Structure formats: C-alpha cells, structure tokens
Amino acid sequence: MKKQLLALAATALAFGAMLPAAAQAEGERFVLISHAPDSDSWWNTIKNAINVAGDQMDVEVEYRNPASGDLADMARIVQQATASNPDGIIVTIADYDVLSGPVSDAVAKGIPVITINSGTEEQSKKLGAMMHIGQPEYTAGKLAGERAKNESGAESFVCVNHYITNPASVERCQGFADGLGVELGDQMIDSGMDPSEVKSKVMAYLNAHPDTGAILTLGPNSAEPTLAALDEMGQSGEVYFGTFDLSTAIADAIKAGTINFAIDQQPYLQGYLPVVLLTNYARYGVMPSNSINSGPGFTTKDNIELVEKYAGQYR
C-alpha cells in the first residue's frame, strides 16, 4: 500500500515543475515549526496530519513551536532546525520581519523550505521558499464580511483578536471591515488568550457598544469564550456571529444557531501536503510550480454534519 501511495504521489507531482533531483533515499527527516503556543489546541489537526503523512511516506517529521508563542523564540527554533540539517523545513510566516532572516538562511544553506498557514505567497517567494500552502487571510476576512453584510445588514462589528502580534490576524479583521464596507477603527480588540480575559473583554465591549451588529472571532481560543460571554449576557443567537476555524464547541454552536459560520482553512492539508511534497522532492526531484490555497471555505448549518465528526483531527 505504501509503495502504491508513493507511486500515485509521484505521478501526480510529475505535472509540476521539474527541479534538480537529490539522491533517492528513504527515512528523510523534516521539521515543521509553528508560531503556536502550547495552549493552542487548533494545531492538533496539523500535528495529526504530519503523523499521518510521516507514516505513509516512511519519514520522520518533528513538530517544534515556541511554548509561549514568542516569535523571537520561534526565530531561534528555525535557526536550531537549520543547524540540524534536515531534509526540509515547513514553517509559518507569523511575522515576516522577525522570521525572514532565519528562514532565508535555511534556504541559502540549501534546505528545501515550504511555508504554511500564516503569511502570503508573495512573502514566501521573497524568502526563497518552494511554495506556500495556506489561506489568503485578508481575502478570507473580506469574504466573511461580505457574507455578514448580505445576511444581516450589519454596519458595525467587533473583531476579537486573540493573537494580535501575528499580522495575519489583523489582516482578517481588516478584511472583515472592508467586506462590511466600514472602517476598522477601534472595532478590533486585543483579547489575549486567557479564556476568562477574552470573555470579560468581549462583555465589556458589548456593554459599551450595545448596537454591535456582528462579531468575528479568529479561532477557538476567542470563539469559545465569546460564546460564554454571549450566554452570560443573554444574547446568544441575537448577534450575527462568524468565526475562523473549527472545534467541537464551534460545531455545536453552528448547529444551535449561535454561530452563523466558521471559516475552514483545512489545516490538515497544511500539515499533510508539505510532508508529501518534500518527500517526493527529496526522492524524485518533483515539485508543483504553484502555491496552494487550502481555504477559505464556509461551514454552516447546511454542511456541518459533513465535517463535525472530523473537527480537531482532520478538519
């Protein structure tokens, strides 16, 4: 079965750009470096994906991250990974300015790099990476804003940003504002990641702005405490509510009608595809010539049953 998977992957990738082939080998080692703190459970899907891909490709994949989410620490992790001479590095562009040096150094050393999740295709190209696999964050936010405008007519909102140091998170909020056709202004709050702090900040904002027409959260870390805030305030289901990403609690809220949609960037693909692609590059010298958009897709009441059983594992 494993040989069949490798043959299928090689055949599919043969339609991509042909690049210089390394010596064919097995048991390659890759390192995936994320910006996520240990407390961010959303990344469990990506961890599962690299384990699945590693088993299928017969390679070793290490997951590394800064325990607290500190980006300077992440930059050091990239440097350490480069020094260990892996067969490839998979890395998020959480902050281009902080990470450009270490990632560019890895490329200059001849290590194949694929960027995922945060950042843009343009930034990935500037770094010299082979491709970017992720979701264009501004576009995703704008589509979310347009959807909210069409379905609710909202003219004001609050964007609950639990990771404001990541520029991609601001792009989501800005896109949502542009999709609604309003200024972002002070409608984005720095909520932090502590659930009780997120909840209290959301309650304080809504009490100060009772006419808020829509809520956008950027993942489970902000969505779930916001659900708790609305429930305590007796406003569940009364404010149009969209979020990024999925979790069991978010799926339940979509079914209950308290969350109108979740934007699925398909993190499983962000973990799985780079491992498969880098393995085939190491063995056969083949790599697609284009980057891959893994999202956005919208999960609503209409399709939640198709994805909820996989939330946190494959979705």
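Residues numbered from 1 in each chain as written. Predicted model: local features only at pLDDT ≥ 70, side-chain atom pairs only at ≥ 80, totals over all residues. Heavy atoms only, no water.

1. A closer look at the overall build of the protein
Here is step 1 of the chain: On a plain count of helices and strands, the protein comes out with 12 helices and 14 strands.
Here is step 2 of the chain: The globule rule puts the C-alpha radius of gyration for 315 residues at 20 Å, and the 20 Å found for the protein is close to it.
Here is step 3 of the chain: In terms of overall dimensions, the protein has a C-alpha envelope of 65 × 40 × 30 Å along the principal axes.
Here is step 4 of the chain: Looking at the protein as a whole, 53% of its 315 residues qualify as buried.
Here is step 5 of the chain: Long-range contacts, defined as pairs at least 24 residues apart, comprise 75% of the intrachain contacts of the protein with a sequence gap of at least 6. (Helix = DSSP H or I, 4+ residues; strand = E, 2+ residues; numbered from the N terminus. Rg over C-alpha atoms; globule rule 2.2 N^0.38 Å. Buried < 20%, exposed > 50% of the residue type's maximum accessible area, 1.4 Å probe, protein only. Contact = heavy atoms within 4.5 Å.)

2. A short note on the side chain of Thr 115
Here is step 1 of the chain: The topology assignment puts Thr 115 in strand β5 (residues 113-117).
Here is step 2 of the chain: Apart from the residues within four sequence positions on either side, Thr 115 is in contact with Val 91, Ile 93, Ser 124, Leu 127, Ala 129, Met 131, His 132 and Ile 133.

3. Brief notes about the sheet that holds strand β4 (residues 88-92)
Note on sheets: strands pair through backbone hydrogen bonds, and any given pair is parallel or antiparallel.
Here is step 1 of the chain: Read across the open sheet, the six strands follow the order β3-β2-β4-β5-β6-β13; overall the sheet is parallel. Each edge of the sheet is formed by a strand with only one pairing partner; in this case those strands are β3 (60-64) and β13 (292-293).
Here is step 2 of the chain: Two strands pair when backbone bridges link them, and β4 and β5 are joined in this way by four bridges, in the parallel orientation. Residue pairing across strands places Thr 92 opposite Ile 116, the latter belonging to β5. (Pairing = 2+ DSSP bridges.)

4. Concerning the packing of aromatic side chains
Here is step 1 of the chain: Enumeration over the complete set of coordinates arrives at seven aromatic pairs.
Here is step 2 of the chain: For the ring pair Phe 157 and Phe 176, a centre distance of 5.1 Å and an interplane angle of 70 degrees mean the geometry is edge-to-face. In this pair, Phe 157 sits in strand β7 (residues 157-161) while Phe 176 sits in helix α7 (residues 167-180), placing the two residues 19 residues apart along the sequence.
Here is step 3 of the chain: Relative to Phe 261, the ring of Tyr 240 lies with its centre 6.1 Å away and its plane at 55 degrees, an arrangement referred to as tilted. Linking Tyr 240 in strand β10 (residues 240-244) with Phe 261 in strand β11 (residues 261-264), this pair joins segments that are 21 residues apart in sequence. (Phe/Tyr/Trp six-rings, centres within 6.5 Å; stacked < 30°, edge-to-face > 60°.)

5. Considerations on unusual backbone geometry
Here is step 1 of the chain: Along the chain, Gly 295 connects to Pro 296 via a cis peptide bond; the corresponding omega equals 10 degrees.
Here is step 2 of the chain: In this structure, Pro 296 sits in the loop between β13 and β14 (297-299).
Here is step 3 of the chain: Unusually for a residue other than glycine, Asn 85 sits at a positive phi of about 55 degrees.
Here is step 4 of the chain: Along the polypeptide, Asn 85 turns up in the loop between α3 (71-83) and β4.
Here is step 5 of the chain: The phi angle at Asn 117 is positive, at roughly 65 degrees, despite the residue not being glycine.
Here is step 6 of the chain: Along the chain, Asn 117 turns up in strand β5.
Here is step 7 of the chain: By relative accessible area, which is 4% here, Asn 117 ends up buried.

6. Quick word on the domain arrangement of the protein
Here is step 1 of the chain: The domain boundaries assigned to the protein delineate domain 1 (29-135 + 266-295) and domain 2 (137-264).
Here is step 2 of the chain: Placing the centre of domain 1 and that of domain 2 at their C-alpha centroids yields a distance of 28 Å.
Here is step 3 of the chain: On the side of domain 2, 16 residues touch domain 1, which itself brings 16 residues to the contact.
Here is step 4 of the chain: Between domain 1 and domain 2, roughly 1200 Å² of surface is buried when both sides are summed, and carbon and sulfur atoms account for 42% of that area.
Here is step 5 of the chain: Broken down residue by residue, the surface that domain 1 buries against domain 2 is led by Trp 42, Gln 135 and Gln 266, which jointly contribute 43%.
Here is step 6 of the chain: At the boundary of domain 1 with domain 2, the tally comes to zero salt bridges.
Here is step 7 of the chain: Along the contact surface separating domain 1 from domain 2 lie seven residue pairs in polar contact (both at pLDDT 80 or more).
Here is step 8 of the chain: When the residues that make up the side of domain 1 that touches domain 2 are grouped by side-chain class, the tally is five nonpolar, nine polar and two charged. (Domains from an automatic or database assignment. Buried area = accessible area lost by both parts, 1.4 Å probe. Salt bridge = Lys/Arg side-chain N within 4 Å of Asp/Glu carboxyl O. Polar contact = N/O pair within 3.5 Å; in protein donor to acceptor, adjacent residues only side chain to side chain. Nonpolar A, V, L, I, M, F, W, Y, C, P; charged D, E, K, R; others polar.)

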